[in-house]
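# Secondary and tertiary structure notes
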Amino acid sequence: MLEFPLIDLPLILAVSKKGAVDGLVALGMPTEKAKTYISEIAPAHASGWAILVEDATGGVICALMVAKKRDYNTVAHEATHIAVMALNWSGIKYTEDEHEILAMSIGWLTERHTESWR
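This one's a predicted model, so the numbers in the text were calculated from it and none came from an experiment.

Each helix and strand counted, the protein has four helices and four strands in total. In sequence order, the secondary structure elements of the protein are arranged as β-β-α-α-β-β-α-α. The C-alpha atoms of the protein give 14 Å as radius of gyration, which agrees with the globular expectation for 118 residues (13 Å, within 12%). Across its three principal axes, the protein shows a C-alpha extent of roughly 45 × 35 × 25 Å. Within the span of the protein, comprising 118 residues, buried residues form 36% of the whole. When contacts within the protein are restricted to residue pairs at least 6 apart in sequence, those whose partners lie at least 24 apart make up 54%. Looking at the protein as shown, the accessible area adds up to about 6,700 Å², and 54% of this sits on carbon and sulfur atoms.

In this section: the packing of aromatic side chains. Aromatic rings considered in pairs are described by the distance between their centres and by the relative angle of their planes. This structure, assessed with the given rule, holds one aromatic pair. Aromatic pair Phe-4 and Trp-108: ring centres 6.1 Å apart, planes at 55 degrees, arrangement tilted. With a gap of 104 residues between them, Phe-4 in the loop between strand 1 (2-3) and strand 2 (10-14) and Trp-108 in helix 4 (residues 100-115) connect regions that are remote in the sequence.

This paragraph deals with unusual backbone geometry. Residue Arg-70 is not a glycine yet carries a positive backbone phi of 70 degrees. Note on placement: Arg-70 falls in the loop between strand 4 (60-67) and helix 3 (72-90). By relative accessible area, which is 52% here, Arg-70 ends up exposed.

Thresholds, definitions, all that
Residues numbered from 1 in each chain as written. Predicted model: local features only at pLDDT ≥ 70, side-chain atom pairs only at ≥ 80, totals over all residues. Heavy atoms only, no water. Helix = DSSP H or I, 4+ residues; strand = E, 2+ residues; numbered from the N terminus. Rg over C-alpha atoms; globule rule 2.2 N^0.38 Å. Buried < 20%, exposed > 50% of the residue type's maximum accessible area, 1.4 Å probe, protein only. Contact = heavy atoms within 4.5 Å. Areas by Shrake-Rupley, 256 points an atom, 1.4 Å probe, with all protein chains shown as cover. Phe/Tyr/Trp six-rings, centres within 6.5 Å; stacked < 30°, edge-to-face > 60°.

Printed below as a string of structure tokens:
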């Protein structure tokens, strides 16, 4: 399990719905609940997707990014979504003129996701 840099936020990087379920189970979600959750939120034919997973009270429990193996375009695309959501959630500011933290986050997420392909 990874943790987003500078943010106390667990991070799940997966290449399939099953990987997303496994990540949620590793965080303590019961298997059937994780399967149901992923089946409800995962787009049917998307090559990737990203979300901040919330508990029943609306608290964020993790960031979840799914992108197919070897699809660099989708990895970068979904990494951008996760970076923006996580930074906004944590209150870390970036602007048009000061966006280094956003760029670093996208790069870090992309590198972490593609590491497992080797």
